[in-house]
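Read off the chains here:
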Amino acid sequence: MARILAISSEVARGHVGLSAIVPALHALGHDVVALPTILLSNHPGHPHVAGERVSPDLLIRMLDALETNGWLSEITEVLTGYLPTPEHVAFAANAVARIKATNPHASFTCDAVLGDEPKGLYIAEAAAAAIRDMLVPQADVVKMNRFEAQWLTGKSIASPADATTIARQAAWSEAVMTSLPVPEGNDLANVRIVSGATAEASHVAARSAVPKGTGDLLAGLLVGYRALGTMPPEQAFKIAVASVDRVVAKSLGRDELQLIASLPELSP
């Protein structure tokens, strides 16, 4: 069992952000310290939504209390997701630094939640720039979709080969890129690129009207399977992609991911 600090959004209904990450990590047997950056009734894709951001000052006080109680030293993995303002990004960067100061072997996965196609950025450009400049350089693993990878690098990505080239040019230690078009066929590719090593790809069927939250779930499972310590990272990547694909298949035609019904299937 690992103890994982997860910083992202949280919804009362549905499974996006922490509401996807936490159940998945619990299903794998991990303990999660979850700090929400925003509280919402549901994801904003529904007709009505209510909620508000959690003040970075409150998040700092919560982290301070966790540290004073001696619990930060137990954290072995950090995962960041939805960070709506530069101040939230600064808080997350500080949290990562504090965890690594306490435990230099702790691993940090940055899920660069910026936006998607065709909508574009989900967050203010200043927040996106802060993630690019403050969090991505600290990350042991950077996870992003094609839009996010293009925004972070300023380069076009038309294939998994492009993604591999760009990740290596960016000098990321490890990158996971999702939703990449495959030149031939209707599949989408998810690619794991390790600096100085060959890339690994895992294809899934391209589907329409997929419920929100697949990126959050994938990020949680990428961290969760690796933290089990029972498999190499490349196997954890492939199992995480396959697990999300199974949840998606079970969720087609529904307005939310059918995550709870899928939890028993997440054990590797």
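The coordinates are above.
These figures come from a predicted structure and were not determined experimentally. (Residues numbered from 1 in each chain as written. Predicted model: local features only at pLDDT ≥ 70, side-chain atom pairs only at ≥ 80, totals over all residues. Heavy atoms only, no water.)

Engineer: Looking at this structure, how should I read the packing of helix H3 (residues 86–102) against helix H4 (residues 125–135)?
Structural biologist: Each pair of packed helices can be described by the angle between their axes along with the distance between the axes. It is the contact of H3 with H4, at a shortest axis distance of 8 Å, that shows an interaxial angle of 20 degrees. Considering the angle they form, H3 stands roughly parallel to H4. In the crossing of H3 with H4, the sense of the turn from one axis to the other is right-handed. Packed against H3, whose contacting residues are Pro86, Val89, Ala90, Ala92 and Ala93, the element H4 presents Ala126, Ala127, Ala130, Ile131, Met134 and Leu135 at the interface. A breakdown of the residues in the contact of H3 with H4 according to their chemical character gives 11 nonpolar, no polar and no charged. (Axes fitted to C-alpha atoms, helices over the stretch in contact; angles between N-to-C directions. Helix = DSSP H or I, 4+ residues; strand = E, 2+ residues; numbered from the N terminus. Parallel < 35°, antiparallel > 145°, perpendicular 65-115°, else oblique. Left-handed = near helix turned anticlockwise from the far one by under 90°. Contact = heavy atoms within 4.5 Å. Nonpolar A, V, L, I, M, F, W, Y, C, P; charged D, E, K, R; others polar.)

Engineer: Hey, could you run me through helix H7 (residues 214–227) in this one?
Structural biologist: In an α-helix, one turn spans 3.6 residues, which is why side chains three or four residues apart end up on the same side. Its 14 residues place the ends of H7 20 Å apart at the C-alpha level, agreeing with the 20 Å of an ideal helix rising 1.5 Å per residue. Of all the 14 residues making up H7, 11 are buried; the element is thus mostly covered by neighbouring parts of the structure. Listed in full, the buried residues belonging to H7 are Asp216, Leu217, Leu218, Ala219, Gly220, Leu221, Leu222, Val223, Gly224, Tyr225 and Ala227. Backbone geometry just downstream of H7 places Gly229 in the positive-phi region, at approximately 70 degrees. (Expected span 1.5 Å × (residues − 1). Buried < 20%, exposed > 50% of the residue type's maximum accessible area, 1.4 Å probe, protein only.)

Engineer: Could you clarify how one ought to interpret the nonpolar core in this entry?
Structural biologist: Most often, soluble globular proteins have nonpolar side chains that are buried together. If you look at the biggest cluster of nonpolar residues, it comprises 53 residues, and the most contacted ones within it are Ile131 and Met177. Element by element, the count of residues in this core is highest for H3, at 7 residues. Ala20, Leu218, Ala236 and Val244 belong to the second largest nonpolar core, which has 23 residues in total. (Core = buried A, V, L, I, M, F, W, Y, C linked by side-chain atoms within 4.5 Å.)

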